Amino acid sequence: MSRKVGVGMTTGTDPAATAVAVVEMACKGRFTEIERLFAPPLRALVDAEALRAAWTSVIGKRGPVAAIGEPVSEPVRAGLVGVSVPVACERGELAVVVAVDHDGMLNDLRLAAATAPWAPPPYADPTRFDEHDVTVGDGPLAVTGTVSLPRGPGPRAGVVLLSGGGPFDRDATSGASKPLKDLAWGLAGGGVAVLRFDKVTHTHSGRVADTAGFTMADEYVPHAVAAVRLLQRQPGVDPARVFVLGHSMGGKAAPRVAAAEASVAGLVIMAGDTQPMHQAAVRVVRYLAALDPGPAMEAAVEAFTRQAAMVASPGLSPSTPAEALLFGWSAEYWLDLRGYDPVATAAALDKPMFILQGGRDYQVTVADDLSGWEAGLAHRPDVTIRVYDADDHLFFPGAGPSTPAGYEPPQHVDPAVVADIVEWLTPGSPPVR
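Every chain begins its residue count from 1, and numbering advances along the sequence as written. Given that the model is predicted, a residue must reach a pLDDT of at least 70 before its local features are reported, and side-chain atom pairs must reach 80 or more before they are shown or counted; all residues, however, enter totals for whole chains, interfaces and linings. Note: side-chain values were computed over all heavy atoms of the structure, leaving out hydrogens and water.

(A) Region of interest: the sheet that holds strand β14 (residues 383–388). As summarised here, the arrangement of the eight strands in space is β7-β8-β10-β9-β11-β12-β13-β14, forming an open sheet in which the pairing is mixed. Among the strands making up the open sheet, the edge pair consists of β7 (129–136) and β14. Each strand of the sheet is rotated relative to its neighbour by a mean of 20°, with strand direction disregarded. For two strands to be treated as a pair, DSSP must find at least two bridges joining them. Only DSSP runs of H or I covering at least 4 residues are called helices, and only runs of E covering at least 2 are called strands; the numbering of each starts at the N terminus. Bridge count for strand β9 (residues 156–162) against strand β11 (residues 237–247) is six bridges, and the pairing is parallel. Within the sheet, the bridge partner assigned to R156 lies in β11 and is V237. Here an angle of 0 to 180 degrees is reported between the N-to-C directions of two axes, which are lines fitted to C-alpha atoms, with helices fitted over the stretch in contact.

(B) Expanded view of the nonpolar core. Each nonpolar core is a collection of buried residues, namely Ala, Val, Leu, Ile, Met, Phe, Trp, Tyr and Cys, held together in the definition by side-chain atoms within 4.5 Å. Each residue is assigned to one of three classes by its accessible area relative to the maximum for its type, calculated with a 1.4 Å probe on protein chains only: buried under 20%, partly exposed between the two thresholds, exposed over 50%. In this structure, L195, L267 and W334 are the most contacted members of the largest nonpolar core, which totals 64 residues. Take this core: its biggest share by element is 10 residues, from helix α8 (residues 216–232). In contact with W334, not counting residues within four places along its chain, are M277, H278, V311, L316, L325, L326, F327 and W329. When checking whether two residues touch, look at their non-hydrogen atoms; a contact exists if any pair is within 4.5 Å.

(C) Region of the structure containing the pairing of β9. With seven of seven residues buried, β9 is to be regarded as a mostly interior element. Looking at chain direction, β9 and strand β10 (residues 193–197) are connected through three bridges and run parallel. Its bridge partner lying in β10, G158 is registered against A193. Following the backbone out of β9, through helix α5 (residues 179–189) and into the adjacent parallel β10, one traces a crossover that is right-handed. Every crossover in which the path from the first strand over the helix to the second runs clockwise, viewed with the strands pointing away from the viewer, is termed right-handed.

(D) Looking closely at helix α15 (residues 415–425). Counting buried residues along α15, eight of its 11 residues qualify, which places the element largely inside the surrounding structure. Within the sequence span of α15, burial applies to V417, V418, A419, D420, I421, V422, W424 and L425. Buried-residue contacts for α15 involve β9, α5, β11, β12 (267–270), β13 (353–358) and β14. Measuring from the side-chain oxygen of the N-cap residue of α15 to the backbone nitrogen of A416 gives 2.9 Å; that N-cap residue is D414. Here a polar contact means two N or O atoms within 3.5 Å. Within protein one must be a hydrogen donor candidate and the other an acceptor candidate, and residues neighboring in sequence count only if both atoms are side-chain atoms.

(E) The arrangement of the side chain of D391 in detail. Along the chain, D391 turns up in the loop between β14 and α15. Of the side chains bearing the opposite charge, R360 lies closest to the buried D391, which forms no salt bridge; the N-O distance is 6.3 Å. Among all residues touching D391, those that are not within four sequence positions of it are G358, G359, R360, D361, F396, P397, D414 and V417. Counted charges follow a simple rule, with Lys and Arg positive, Asp and Glu negative, and His plus the chain ends left uncounted. Definition used for salt bridges: Asp or Glu carboxyl oxygen within 4 Å of a side-chain nitrogen of Lys or Arg.

(F) Up close: the environment of A19. By secondary structure assignment, the location of A19 is in helix α1 (residues 15–27). A19 sits in the buried class, given a relative accessible area of 0%. Between the C-alpha atom of A19 and that of G82, which follows or precedes it by 63 residues, the distance is 9.2 Å. For A19, the contacting residues outside a window of four places in its chain are V83, V85 and V98.

(G) Examining the packing of α8 against helix α12 (residues 331–338) more closely. At a minimum axis distance of 8 Å, the contact between α8 and α12 shows a crossing angle of 70°. Accordingly, the angle class assigned to the pair α8 and α12 is roughly perpendicular. For the pair α8 and α12, the contacting residues are M216, A217 and E219 in the first and Y333, D336 and L337 in the second. For this classification, Asp, Glu, Lys and Arg are treated as charged, while Ala, Val, Leu, Ile, Met, Phe, Trp, Tyr, Cys and Pro are nonpolar and the rest, including Gly, are polar. In terms of residue class, the contact of α8 with α12 is made up of four nonpolar, no polar and two charged. Roughly parallel refers to an angle under 35 degrees, roughly antiparallel to one over 145, roughly perpendicular to one between 65 and 115, and oblique to any angle outside these ranges.

(H) Representation of the environment of G315. Note on placement: G315 falls in the loop between α11 (295–312) and α12. The exposed category is assigned to G315, whose relative accessible area is 53%. Sequence spacing of G315 and A240 is 75 residues, and the spatial spacing of their C-alpha atoms is 44 Å.

(I) Expanded view of the pattern of salt bridges. In the structure shown here, the tally under the stated rule is 18 salt bridges. Residues R151 and D130 are paired through a salt bridge, measuring 2.8 Å at the closest nitrogen-oxygen approach. Highlighted residues: R151 in the loop between β8 (143–150) and β9 and D130 in strand β7, separated in sequence by 21 residues. The partly exposed category is assigned to R151, whose relative accessible area is 47%. A relative accessible area of 38% places D130 in the partly exposed class. D238 is the salt-bridge partner of R241, the closest N and O atoms lying 3.2 Å from each other. Among the residues examined, R241 registers a relative accessible area of 28% and is labelled partly exposed. Residues joined by salt bridges that share partners form a network here, namely E131, D171, K178 and R196.

This is the structure:
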């Protein structure tokens with residue numbers, strides 16, 4: 001059964017009705033009204049113009065919307081319901097996926113290809129490890145995580161995984177793909193104990209939004225340190241060989257975690273950005289505008305450029321309104337980011353590092369970001385830097401220029417990446433197959 005486009009819907013506390021109303025509004029171009037439904041954490045990441053650009057790009061490839069299917073709801077956690085709304089277009093299908101809280105506000109919104117559920121990558125052998133859930137941190141901001149523990153006697157190396165910027169779950173779920181789960185299962189199958197956990201911005205979005213002065217350090221460091229100490233206590237794990245692996249903003253934050261927790265054995269940095277983020281945001285939106293030119297993208301470039309200038313301004317202060325800044329992040333968040341140099345922080349650490357970069361990555365690039373790691377760390381014999389020419393930002397292999405549409409099909413992290421990380425963490429171990 002499906003609903004024809006044009007049926008009027010009103011939002012409310014029914015998550016399914018809210019989700020369908022969001023799709024209806026998107027079909028009619030009412031993106032400002034959708035933005036009004038965003039809970040503060042989501043508003044900090046996406047605005048009406050960014051949503052308009054994303055919708056226009058997706059619909060442009062599939063043709064006009066013909067029908068909206070029946071929504072499918074499932075609990076995400078207490079007070080939050082996930083809803084997937086299938087959308088049929090003239091030349092294909094997609095799913096609009098939202099997370100709706102008890103007040104009817106959107107905590108997440110994604111445009112995803114209509115695909116099958118996640119399936120394990122070929123290199124993951126779940127018969128070689130066991131998993132159990134754990135609580136990371138304590139108090140009102142504690143989160144849930146999963147330990148993947150290889151079978152057999154230790155002692156073995158361990159690694160804590162940190163996902164990128166945004167309210168990601170422990171798997172860094174992106175549509176039907178789960179890159180951190182790929183890594184966790186691949187590494188655990190290779191004999192490495194792994195702990196991954198839901199970000200505090202995923203589990204406690206409302207509480208975080210109400211926390212004055214919340215920064216990137218607050219977003220990553222306390223839970224990462226707690227996860228390192230927790231993994232060190234797991235059976236068969238060598239507490240002297242627990243590493244931190246961060247992807248994207250998690251890679252940027254990884255040196256900060258190691259500076260805060262001296263027992264971290266070393267770092268694996270995957271697509272860690274070194275270019276100031278406000279500059280990178282303008283670069284990325286210009287790249288996307290070149291792929292999909294039009295008035296909406298021109299407006300997005302103009303808005304990003306204006307907001308980035310505010311972030312870079314010497315006059316930026318805690319009193320600067322978040323609405324004037326990129327992604328709606330607070331001035332305190334941006335001041336913390338401006339004052340943090342991941343390369344200098346890493347260079348001050350006496351710890352080995354493995355830095356990986358996708359050659360097709362347009363978000364974190366060889367020229368703009370890897371060059372920073374190379375300039376600051378290439379002289380270090382304990383730092384290994386490797387580029388995977390075929391890989392994009394999520395380390396999914398492919399060909400040709402990387403685009404947002406390239407993330408839509410279900411994919412897995414490059415097996416060569418997983419094998420190289422296992423080899424670096426456990427020299428001399430059998431290769432991951």
